[in-house]
Amino acid sequence: MSIIDGLDYQLVMREFKRAAIHASGFQLFYRTAANEEADIVIIFYAPSGDERTAEEYDQILSNIKKTFISSGFGIINLLGIILTEVPLRARQFCLEQDAHWIIDLSERRLIIYENQPSDFLGLRNEIELLLENEQYATSMSVDASEHKVDYGVETSEKPLKGGWITMFNTAMVAINIIVFIIIHYGIFGDTDPLLEGGALNWKFIMEEGEGYRIVTSMFLHSDFGHLINNMIVLFFVGDNLERAAGRTKYLIIYFGSGIIAGLTSISYNMIKGNNVLSVGASGAIFGIVGAIAYIIAVNKGRLEDINARQIILFTLFSLYGGIMSVNTDNAAHVGGFLGGVVLALLLYRKPKRT
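Quick summary incoming for the structure in this document.

Cut-off values and rules
Residues numbered from 1 in each chain as written. Predicted model: local features only at pLDDT ≥ 70, side-chain atom pairs only at ≥ 80, totals over all residues. Heavy atoms only, no water. Patch = residues over 30% accessible without salt bridge, like charges linked within 9 Å, V, L, I, M, F, W, Y side chains within 5 Å. Areas by Shrake-Rupley, 256 points an atom, 1.4 Å probe, with all protein chains shown as cover. Salt bridge = Lys/Arg side-chain N within 4 Å of Asp/Glu carboxyl O. Helix = DSSP H or I, 4+ residues; strand = E, 2+ residues; numbered from the N terminus. Buried < 20%, exposed > 50% of the residue type's maximum accessible area, 1.4 Å probe, protein only. Arc of directions from axis to C-beta. Contact = heavy atoms within 4.5 Å. Pairing = 2+ DSSP bridges. Axes fitted to C-alpha atoms, helices over the stretch in contact; angles between N-to-C directions. Expected span 1.5 Å × (residues − 1). Phe/Tyr/Trp six-rings, centres within 6.5 Å; stacked < 30°, edge-to-face > 60°. Polar contact = N/O pair within 3.5 Å; in protein donor to acceptor, adjacent residues only side chain to side chain.

Some thoughts on a nonpolar patch on the surface
1) Next: On the surface, a cluster of nonpolar side chains totalling about 490 Å² of accessible area is made up of Phe224, Ile228, Ile232, Phe235 and Phe236.
2) Next: Assignment of secondary structure puts Phe235 in helix H9 (residues 224-245).

Notes on helix H4 (residues 123-132)
1) Next: Residues Leu123, Ile127, Leu130 and Leu131 constitute the buried set of H4. Relative to the axis of H4, the buried residues are bounded by an arc of 95° and lie together on one face.
2) Next: Lining the buried residues of H4 we find helix H1 (3-13), strand E3 (37-45), strand E4 (75-84), strand E5 (99-104) and strand E6 (109-111).

Let's talk about unusual backbone geometry
1) Next: Positive phi values are uncommon outside glycine, yet Asp98 reaches one of about 70°.
2) Next: By the secondary structure assignment, Asp98 is in the loop between helix H3 (87-90) and E5.
3) Next: Classification of Asp98 by relative accessible area gives partly exposed; the value is 24%.
4) Next: Positive phi, close to 50°, is recorded for Arg108, a residue that is not glycine.

Quick word on the sheet that holds E3
Adjacent strands of a sheet pair through backbone hydrogen bonds, lying either parallel or antiparallel.
1) Next: Pairing is mixed across the open sheet formed by six strands, whose spatial order is E1-E2-E3-E4-E5-E6. Two strands bound the open sheet, and with one partner strand each, they are strand E1 (17-19) and E6. Averaged over all adjacent pairs, the angle separating strand axes in this sheet is 25°, with direction ignored.
2) Next: Relative to strand E2 (residues 26-33), E1 runs antiparallel, the two sharing three bridges.

A few points about helix H11 (residues 282-298)
1) Next: Counted at 1.5 Å a residue, the expected span for H11 with its 17 residues is 24 Å, and the 24 Å between its end C-alpha atoms agrees.
2) Next: With 13 of 17 residues buried, H11 is to be regarded as a mostly interior element.

Re the packing of aromatic side chains
Each aromatic ring pair is specified by the distance between its two centres and by the angle formed by the two planes.
1) Next: With the rule as written, the count across this model stands at 12 aromatic pairs.
2) Next: The interplanar angle of 50° and the centroid separation of 5.0 Å between the aromatic rings of Tyr57 and Phe93 together place this pair among those described as tilted. A residue pair is termed long-range when its members are at least 10 positions apart, and Tyr57 in helix H2 (residues 54-70) and Phe93 in the loop between H3 and E5 qualify at 36 residues. The same class applies to Tyr57 as to Phe93, namely buried.

Quick notes on the pairing of E2
1) Next: Linking E1 back to E2 in an antiparallel pair, the connection comprises six residues, with Gly25 at a positive phi of about 85°.
2) Next: In this structure, E2 lies alongside E3, joined through eight bridges in antiparallel fashion. By the bridge assignment for E3, Thr32 is matched with Ala38.
3) Next: Between E2 and E3, which pair antiparallel one after the other, the connecting turn spans three residues, and Glu36 there sits at a positive phi close to 65°.

Things to note about the environment of Glu56
1) Next: Summarising the element assignment, Glu56 is placed in helix H2.
2) Next: Taking the C-alpha atoms as reference points, Glu56 and Phe93, 37 residues apart in sequence, are found 9.6 Å from one another.
3) Next: Within the structure, the side chain of Glu56 is placed 3.0 Å from the backbone nitrogen of Thr53, a separation counted as a polar contact.

Notes on the environment of Asp104
1) Next: Turning to its location among the elements, Asp104 is positioned in strand E5.
2) Next: Accessibility expressed as a relative area gives 1% for Asp104, which makes it buried.
3) Next: Sequence separation between Asp104 and Glu85 is 19 residues; the distance between their C-alpha atoms is 5.5 Å.
4) Next: Not counting the four nearest positions on each side in its chain, Asp104 is found in contact with Thr84, Glu85, Pro87, Arg109 and Ile111.
5) Next: One polar contact links Asp104 to Ser106, side chain to side chain, over a distance of 2.8 Å.

In structure tokens:
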């Protein structure tokens, strides 16, 4: 079954009727009351978010409302549900007039922006339940010539919801493990594997021009315990960030925080005159923690399966452990954390969701 099957069922259960509409990708449901009031729900399937312009979308809805008004209904309550894989493009359809919600098909989430009503006839909770129910597939196609929605079959791609492993975060964990195996098991012979592999050191960067070390050092770890500790944290915290912010923003925050952490580290050690090698994904991980902390604050203290108390305790324990250890690059941790907060502030926009 598709997600539209679920929406269809919920609307019919609320005594909505289906009506034909000569516009590709649109479905119309309505119910009327004796007081000349009509409730209308329009489902618009727009996978790429640019199938129509906002003006065309508005014109279609206006024509529908005019039809009901001409039939004697003086009060029109209209909700447009836009199904898309590109919410940023589809946001153009969230007009100021009426109510317009977005269902993000790729991440199985309902997005309700600040300028939109938070509920419509109790449908908000029902849509949430539909999106959490994996029997409803979000893979669909539109047959434009028939002006119908063709319900597709469920794909093997895992939705970005709690309980599923996210793609990019898992890839980061795998890359770190693979690099550790390659670096520590023989490709550099008797030389220092961390130095040759691209560890962070301000002299090599400032005097030798080896700026690539700011990135390569993010994937190096001193020993197995260092790797495992970082990967356990990244696996769980990074998963939350990727589901909350999306894949592209996750990558920007991960690499951006790691780079900021590296720049902070070399600046601090250069000022102090410390000729040390720094390695590890912890700068990027602290950036993820900072981003999650900001997102949790925006979402009033909770985000899916992680809450404010957990993230605060994790940060405090991690920083305390770093302060107590002489081998920990605390400058990178602090720089990464602050970098993550700033990047989340720039990139994350809170949608009202179910």
